[in-house]
Amino acid sequence: MTEYKEEDFLMLSGIQHFVFCKRQWALIEIEEQWADNLRTIEGNILHQRAHEGPTLESRGQLLISREMRVFSAKLGISGICDVVEFHRCTQQEGISLFQKEGFYRVVPVEYKKGEPKISDADRLQLVAQAVCLEEMLCTDIPYGYLYYGATRHREKVEITQEFRQKLENVCAQMHDLFQRRHTPMVKRTKACNACSLKEICLPKLLKRPSVHDYIRRQTGEEEP
Ligand code: SF4
């Protein structure tokens, strides 16, 4: 597998945008557009809370690292993990850490506002964090957690081969669009209602009229 140069790395956090809507991702990453709405502001507050406290905390058999910078040259992405937990374990299960006794299993935890989603957007972002940590720390990470603010509950996410393959495809598509500086056309879905970029994207204006719309306009038929 070819490795990306650091200057070509894309933002890991963009994976959730890309899975939500490729156009939204391109507007942010390629056209550098951004707009907050209530959802993004609430999400930012939750992330700030996750980052409160010392960057490295020790709780018995557990070490908690906050705001850890991660990257993967294989996927060409970099970003920040909200929380990475290091659980004390046996030598076979874990890695050693600088100036720390024993061995530790690595578990990423990503904080999200709202509730668990049907789409894999959040899961793929967590999988990306796990893959970055595996590459940086030379270890295997079989699972991580998504913490949802609305339910105050952790969802365990297995880092399966299927998710890893999906992630590779997503990253390859992101790099392809970025290299071509191509912003996909509007594809109007229910997600547009919750999109923080809908005023910038203008999905209604850019929507291509269907043949049915065209005939209706030509015949003077009223909209249903
Ligand atoms: S408004 Fe819809 S099409 Fe436009 S960026 Fe948002 S989700 Fe994508």
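Higher on the page you've got the structure.
A few points on the structure. (Residues numbered from 1 in each chain as written. Predicted model: local features only at pLDDT ≥ 70, side-chain atom pairs only at ≥ 80, totals over all residues. Heavy atoms only, no water.)

Concerning the overall build of the protein chain
Under the convention used in this document: Helix and strand definitions follow DSSP, with helices as H or I runs of at least four residues and strands as E runs of at least two, each counted in order from the N terminus. Note on classification: 1.4 Å probe, protein chains only; a residue is buried when its accessible area is under 20% of the maximum for its type, exposed when over 50%, partly exposed between these limits. Any two residues whose heavy atoms approach within 4.5 Å are treated as being in contact. Methods summary: accessible areas were calculated by the Shrake-Rupley approach with a probe of 1.4 Å, and residue burial reflects only the protein chains presented.
The helix and strand tally for the protein chain stands at eight helices and seven strands. Counting all 224 residues of the protein chain, 42% fall into the buried class. Intrachain contacts of the protein chain at a sequence separation of at least 6 include 60% that bridge at least 24 residues. Total accessible area computed for the protein chain in this model is approximately 13,700 Å², and 50% of it derives from carbon and sulfur atoms.

As for the nonpolar core
As a reminder, the rule being used: Residues enter a nonpolar core if they are buried and are Ala, Val, Leu, Ile, Met, Phe, Trp, Tyr or Cys, with the set joined through side-chain atoms within 4.5 Å.
One finds Ile-15, Trp-25, Ile-77, Phe-86, Leu-133 and Leu-167 to be the most contacted residues of the largest nonpolar core, which totals 38 residues. For this core, the element with the most residues is helix α4 (residues 121–137), which contributes eight residues. Aside from chain neighbours lying at most four places away, what touches Phe-86 is Gln-61, Leu-62, Leu-63, Ser-65, Met-68, Leu-97, Tyr-104, Arg-105, Val-106 and Leu-137. Grouped together as the second largest cluster of nonpolar side chains are nine residues, Tyr-111, Tyr-143, Tyr-145 and Tyr-147 included.

A closer look at the pairing of strand β6 (residues 143–148)
What counts here: Each pair of strands is called paired provided DSSP finds at least two bridges between the two strands. A crossover gets the label right-handed when its path from the first strand over the helix to the second runs clockwise, viewed with the strands pointing away from the viewer.
Most of β6 sits out of view: six of its six residues are buried. In this sheet, β6 lies alongside strand β5 (residues 103–112) in parallel orientation, the contact comprising four bridges. Within the sheet, the bridge partner assigned to Glu-110 lies in β6 and is Leu-146. Handedness of the crossover is the feature at issue here: the chain leaves β5, passes through α4, returns alongside β6, and the resulting connection is right-handed. Here β6 pairs with strand β7 (residues 153–158) via six bridges, running antiparallel. What sits directly across from Leu-146, in β7, is Glu-155. The hairpin turn running from β6 into β7, its antiparallel successor, is four residues long, and Arg-152 in that turn takes a positive phi close to 50 degrees.

Section: the site of the ligand
Applicable threshold: Any residue with a heavy atom lying within 4 Å of a molecule or strand is counted as near it. Gly is placed with the polar residues, together with every amino acid not listed as nonpolar (Ala, Val, Leu, Ile, Met, Phe, Trp, Tyr, Cys and Pro) or charged (Asp, Glu, Lys and Arg).
For the ligand, the full set of nearby residues is Phe-20, Cys-21, Gln-24, Lys-187, Cys-192, Cys-195, Lys-198, Cys-201 and Pro-203. A class-by-class count of the residues in the shell around the ligand yields six nonpolar, one polar and two charged.

Overview of the pairing of strand β2 (residues 56–59)
In regular strands, side chains alternate between the two faces of the sheet. Across four bridges, the pairing between β2 and strand β3 (residues 62–72) is antiparallel. For Glu-57, the partnering residue across the bridge sits in β3 and is Ile-64. As consecutive antiparallel partners, β2 and β3 are separated by two residues, and within that stretch Gly-60 has a phi angle of approximately 60 degrees, a positive value.

Notes on the side chain of His-17
Relative to the helices and strands, His-17 resides in helix α1 (residues 14–20). A residue is classified by how much of its surface remains accessible, and His-17, at 17% relative accessible area, is buried.

With respect to helix α5 (residues 161–180)
Residue pairs three or four apart in sequence face the same way in an α-helix, which turns once every 3.6 residues. The line we're drawing: Helix span, expected: 1.5 Å multiplied by one less than the number of residues in the helix. Throughout, the arc means that of the directions going from the helix axis to the C-beta atoms.
Compared with the 28 Å implied by 1.5 Å per residue over 20 residues, the 29 Å span of α5 between its first and last C-alpha is a close match. For α5, the set of buried residues is Phe-163, Leu-167, Val-170, Cys-171, Met-174, His-175 and Leu-177. The buried residues of α5 all sit within an arc of 165 degrees when viewed along its axis, so they share a single face. Every exposed residue of α5 that faces more than 90 degrees away from the buried side is listed here: Gln-161, Glu-162 and Gln-179. At its buried positions, α5 is contacted by β1 (10–11), α1, α2 (22–29), β4 (77–89), α4 and β7. Looking at the residues trailing α5, positive phi occurs at Arg-181, about 50 degrees.

Description of the state of the cysteines
Rules: We call a pair of cysteine sulfur atoms a disulfide whenever their separation is within 2.5 Å.
Inspection of the entire model under this criterion finds zero disulfides. The closest cysteine sulfur to the non-disulfide-bonded Cys-132 is located on Cys-81, 7.0 Å from its own sulfur.

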